[in-house]
Amino acid sequence: MDRYSRQVLVATVGKSGQEKLLKSRALVIGCGALGTVIANNLVRAGIGYIKIVDRDYVELDNLQRQMLFDEEDVEKGMPKAVAAADKLRRINSSIEIEAEVKDVNRKNIEELIKDMDIVLDGTDNFETRLLINDACFKHNIPWIYGAAISSYGMTMSFIPKVTPCFRCLVSSLPAPGSTDTCDTVGVLNAITSCIGSIQSNEAIKILLGDKDSNQKLLAIDLMERSFEQIAVKKRDDCPLCRDGEFEFLNKKGPSEPIKLCGRETIQITPQREMEVSLEYLKEKLEKIGDASYLGLLLKFRVDQYELIIFPDGRAFIKGATDKGIAKSLYAKYIGA
Ligand SMILES: [Zn+2]
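The rules behind the values
Residues numbered from 1 in each chain as written. Predicted model: local features only at pLDDT ≥ 70, side-chain atom pairs only at ≥ 80, totals over all residues. Heavy atoms only, no water. Pairing = 2+ DSSP bridges. Helix = DSSP H or I, 4+ residues; strand = E, 2+ residues; numbered from the N terminus. Donors = N, O, S within 2.8 Å, 3.2 Å for Na, K, Ca; no water. Buried < 20%, exposed > 50% of the residue type's maximum accessible area, 1.4 Å probe, protein only. Contact = heavy atoms within 4.5 Å. Axes fitted to C-alpha atoms, helices over the stretch in contact; angles between N-to-C directions. Arc of directions from axis to C-beta.

Visitor: Just to check I follow, could you spell out the pairing of strand E11 (residues 290–293) for this structure?
Guide: A regular strand carries its side chains on alternate faces of the sheet. Here four bridges tie E11 to strand E12 (residues 298–302), and the two strands are oriented antiparallel to one another. Bridge pairing links Asp 290 to Arg 301 in E12. Hairpin connection between E11 and E12: a loop of four residues separates the two successive antiparallel strands, and Gly 295 in this loop has a positive phi of roughly 95°.

Visitor: Hey, could you run me through the coordination of the zinc ion in this one?
Guide: In an ideal tetrahedron of four donors about a metal, each angle is 109.5 degrees. In an ideal octahedron of six donors, the angles are 90 or 180 degrees. For the zinc ion, every protein donor is listed as Cys 165 (SG), Cys 168 (SG), Cys 238 (SG) and Cys 241 (SG), and the spread of their distances is 2.3 Å. Residue class for Cys 168 comes out buried when judged on its relative accessible area of 6%. Residue classification places Cys 241 among the partly exposed residues on the basis of a relative accessible area of 28%.

Visitor: Sorry, what's going on with the pairing of strand E2 (residues 49–54) here?
Guide: For E2, the tally of buried residues reaches six of six residues, placing the bulk of the element in the interior. The alternating pattern of E2 places Tyr 49, Lys 51 and Val 53 and Ile 50, Ile 52 and Asp 54 on opposite faces, both of which are buried. Across five bridges, strand E1 (residues 25–29) lies against E2 in parallel orientation. The residue bridging Val 28 from the neighbouring strand is Ile 52, located in E2. Pairing analysis gives six bridges linking E2 to strand E3 (residues 96–101), with the strands arranged parallel. For Asp 54, the partnering residue across the bridge sits in E3 and is Val 101.

Visitor: Honestly, the sheet that holds strand E14 (residues 315–318) in this entry has me stumped. Any pointers?
Guide: If you trace the six strands from one edge of the open sheet to the other, you get E9-E10-E14-E13-E12-E11, paired in antiparallel fashion. With partners counted over all chains shown, the strands left at the sheet margins are strand E9 (258–259) and E11, one partner each. Here E12 pairs with strand E13 (residues 305–309) via five bridges, running antiparallel. Bridged to Val 302 within E13 is Tyr 305. Running at roughly 160° to E11, helix H12 (residues 278–285) makes contact with E11, E12 and E13 of the sheet.

Visitor: Help me out: how do you make sense of H12 in this one?
Guide: Since the α-helix turns once every 3.6 residues, residues separated by three or four places project in the same direction. Of all the residues in H12, the buried ones are Leu 278, Leu 281 and Leu 285. Looking down the long axis of H12, one finds its buried residues gathered within 60° of arc, a one-sided arrangement. Among the exposed residues of H12, those pointing more than 90 degrees away from its buried face are Glu 279 and Tyr 280. Contacts from the buried residues of H12 go to E11, E12, E13 and helix H13 (323–333).

Visitor: It is not clear to me how unusual backbone geometry should be interpreted in this structure. Could you clarify?
Guide: If a residue is not glycine, its phi is most likely negative; likewise, a peptide bond is most likely trans. Notably, Asn 140 is not glycine yet its phi reads approximately 60°, a positive angle. By secondary structure assignment, the location of Asn 140 is in the loop between helix H7 (126–138) and strand E5 (143–149). What makes Asn 140 partly exposed here is its relative accessible area of 40%. At Asp 303, a position not held by glycine, the phi torsion is positive, near 50°. Examined against the element boundaries, Asp 303 turns out to sit in the loop between E12 and E13.

Below, the structure is given as structure tokens:
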């Protein structure tokens, strides 16, 4: 308890509040600019169990804002979830921290969120957020949305049966190319720190039992110094709130390639669960290109492309702008 003494002194926390936090379980989905800030705050605050899920690995241009990583993580090509968990365990060894290197999708999200008291959004895309929204409302788990770009960002807490849902806020998926991304307009580390901190604090409030104070969308622009609270209403035509329809969770069909936010990279996910021997694959690939096995992932360069292959069979195809090209490179070098 000593390590939390300054937090226990805060009237809204107190000793009993801290005990509650120590018994709480949180899932952080996405461990980039928002996720590192969220996970860092929650670990230091003494949330008893924290799981971090992320599909990506650390690159040099992440260090400007992704607070748990350093140059050594870049050199080693560390998966973000693993690098974050390693660092966080050195910060607080008295709580349980788990890392999973995987893409969150409709097949695994329910398994990931079950037994959680709260879910935090550190993702960078609408597809995953709509999936989190479906799964959390189905399993009655609060989740905290966060997004940031350039100098502005927003956050809102979604509590099943209490607040509107994420679909009430965005109604449907934006058309590809219609929204700005970090790729086109960049992002400042102050706004991601700010939004991530507010998300973690809202999570703590909810874990302490406060479900009333945070029902508005908070929009911040640091360059304008504007903080705006915007009321969001339940939509009469929301398929989730009105009909209990889990459209994104129940979607059928194969996993499609995904274009990753912020770079010319396409992710291919195998259609069934598998485990790839990266050492074996390296032996095969080094005959036709430049392959390096980094322990937790395999990098393979051929022509103008770079393939990053994970043990679960997923691959990032860098340099591919077209999903068809990415698919055929995957089939050619990794297997159909
Ligand atoms: Zn809704």
